[in-house]
Amino acid sequence: MADPQGVTAVERPEAAAGGPEAGGPRVLVVDDDERLLLALARGLRLRGFQVALAGDASQALPYLDSGWPQVVVLDVMLPGTDGLTLCQQVRASSDVPILMLTARDSVPDRVAGLEAGADDYLVKPFSLDELVARLRALLRRTGQRPVTRQRLAYADLELDLRSWRACRAGQPLPLTATEFRLLELFLRHPEEVLTRDRILAAVWGDEPEVESNVVDVHVANLRQKMEAGGRPRLVQTVRGVGYVLRAGD
């Protein structure tokens, strides 16, 4: 959560909701400048936005995996995974509008941001009014268009988010709500190793009293249903790390 001294962890949607901005557009701000994050949170909330904050890519991923934000403000210079790389990763599975922030104003820098998949580009320092105007323009441009893919597929797996239907080789999978969300996460990141912590944050979020082995238990249940009838395994274990959706192992 953000505290008066700075941002020590990602703010969850529940923390960003409430107050005068409840029900407004959902914006995720990703920047490692704690003072800027807190200032933007206050300003955007006063202008009717629901705001979530992240200081780096690892804090942003649970929001992006869940499809929570309707628009993303993303700094280019982030510790670890930089903003351009994160933008490319988001674009692999989502159409959510992205506004890049940077301290550089050169043409090559702007081109790099746009080629990574950004929809708009704003140079620091900037005015809050200009940021708000650009965010509202992006939201108008997308309108009611869904910002994440509604049908996901990998190998013989298919997931339809609108009808809440999962199939393998054309046969329905009787999944629980948690198993469905777990499979959705794997399908949004095929062949990408997902750590247990990342899975826990994306699927269970802030749920209290979640046991440390809950990921392993639900993956085992999901596998049992996916592998019924002798179908080959698709959710592979990466020992000491987590799991990956990958065919052929």
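For the structure, check the block above.
Let us look at the structure shown here.

The rules we used
Residues numbered from 1 in each chain as written. Predicted model: local features only at pLDDT ≥ 70, side-chain atom pairs only at ≥ 80, totals over all residues. Heavy atoms only, no water. Helix = DSSP H or I, 4+ residues; strand = E, 2+ residues; numbered from the N terminus. Buried < 20%, exposed > 50% of the residue type's maximum accessible area, 1.4 Å probe, protein only. Contact = heavy atoms within 4.5 Å. Areas by Shrake-Rupley, 256 points an atom, 1.4 Å probe, with all protein chains shown as cover. Salt bridge = Lys/Arg side-chain N within 4 Å of Asp/Glu carboxyl O. Expected span 1.5 Å × (residues − 1). Polar contact = N/O pair within 3.5 Å; in protein donor to acceptor, adjacent residues only side chain to side chain. Pairing = 2+ DSSP bridges. Axes fitted to C-alpha atoms, helices over the stretch in contact; angles between N-to-C directions. Core = buried A, V, L, I, M, F, W, Y, C linked by side-chain atoms within 4.5 Å. Phe/Tyr/Trp six-rings, centres within 6.5 Å; stacked < 30°, edge-to-face > 60°. Lys NZ or Arg CZ within 6 Å of the ring centre and 35° of its normal.

### Examining the overall build of the protein
When its secondary structure is counted, the protein shows nine helices and 14 strands. With 249 residues in all, the protein has 47% of them scored as buried. Residue pairs at least 24 apart in sequence account for 60% of intrachain contacts in the protein once pairs closer than 6 positions are excluded. Here the protein displays about 12200 Å² of accessible surface, and carbon together with sulfur accounts for 50% of that area.

### Overview of the pattern of salt bridges
All chains considered together, the criterion is met by 15 salt bridges. Arg134 is the partner of Glu130 in a salt bridge, and the nearest nitrogen-oxygen pair spans 3.0 Å. One end of the pair is Glu130 and the other is Arg134, both in helix α6 (residues 128-142) and four residues apart, which spans about a single turn. A salt bridge links Glu192 to Arg198; the nearest nitrogen and oxygen atoms lie 2.7 Å apart. Taken together, the shared-partner salt bridges in this structure form one network comprising Asp31, Asp75 and Lys124.

### Things to note about helix α2 (residues 34-46)
Between the first and last C-alpha of α2 there are 19 Å, a value that for 13 residues agrees with the 18 Å anticipated at 1.5 Å per step. Of all the positions in α2, only Leu36, Leu37, Leu38, Leu40, Ala41, Gly43, Leu44 and Arg45 are classed as buried. Residue Asp33 occupies the N-cap position of α2, its side-chain oxygen lying 3.2 Å from the main-chain nitrogen of Arg35. Once α2 finishes, Gly48 follows within two positions and takes phi at roughly 95 degrees, a positive value.

### Here's the deal with the sheet that holds strand β6 (residues 98-102)
Read from one edge of the open sheet, five strands run β4-β3-β5-β6-β7, paired in parallel fashion. At either end of the open sheet lies a strand with only one pairing partner, and these are β4 (50-54) and β7 (120-123). Strand-to-strand, the axes of this sheet are offset by a mean angle of 20 degrees, without reference to chain direction. Two strands pair when backbone bridges link them, and strand β3 (residues 26-30) and β4 are joined in this way by five bridges, in the parallel orientation. Among the inter-strand pairings, Val30 is bridged to a residue of β4, identified as Ala54. Set on the sheet, α6 makes contact with β3, β5 (71-75), β6 and β7; between it and β7 the angle comes to about 175 degrees.

### Focus on the nonpolar core
One finds Leu183, Phe186 and Ile199 to be the most contacted residues of the largest nonpolar core, which totals 28 residues. For this core, the elements supplying multiple residues, two or more each, are β8 (151-154), β9 (157-160), α7 (177-188), α8 (196-204), α9 (214-226) and β14 (242-245). Among the elements that take part in this core, α7 stands out by supplying six residues, more than any other. Leu61, Val72, Ala118 and Val123 belong to the second largest nonpolar core, which has 24 residues in total.

### A closer look at the packing of aromatic side chains
Tallied over the full model, the rule gives two aromatic pairs. Where Tyr63 meets Trp68, the ring centres are 5.4 Å apart and the plane angle is 55 degrees; that geometry is what we call tilted. Trp68 shares its class with Tyr63; the two are buried. Here the basic side chain of Arg26 rests over the ring of Trp68, its NZ or CZ set 6.0 Å away from the ring centre.

### Observations concerning the sheet that holds strand β11 (residues 171-172)
Taken in spatial order, the four strands make up an open sheet running β8-β9-β10-β11, and their pairing is antiparallel. Both outer strands of the open sheet, β8 and β11, are each paired with one neighbouring strand and no more. Sheet analysis places strand β10 (residues 165-168) next to β11, joined by two bridges and oriented antiparallel. Within the sheet, the bridge partner assigned to Arg168 lies in β11 and is Gln171. Packing of α7 onto the sheet brings it into contact with β8, β9 and β10, and relative to β9 it is tilted by some 115 degrees.

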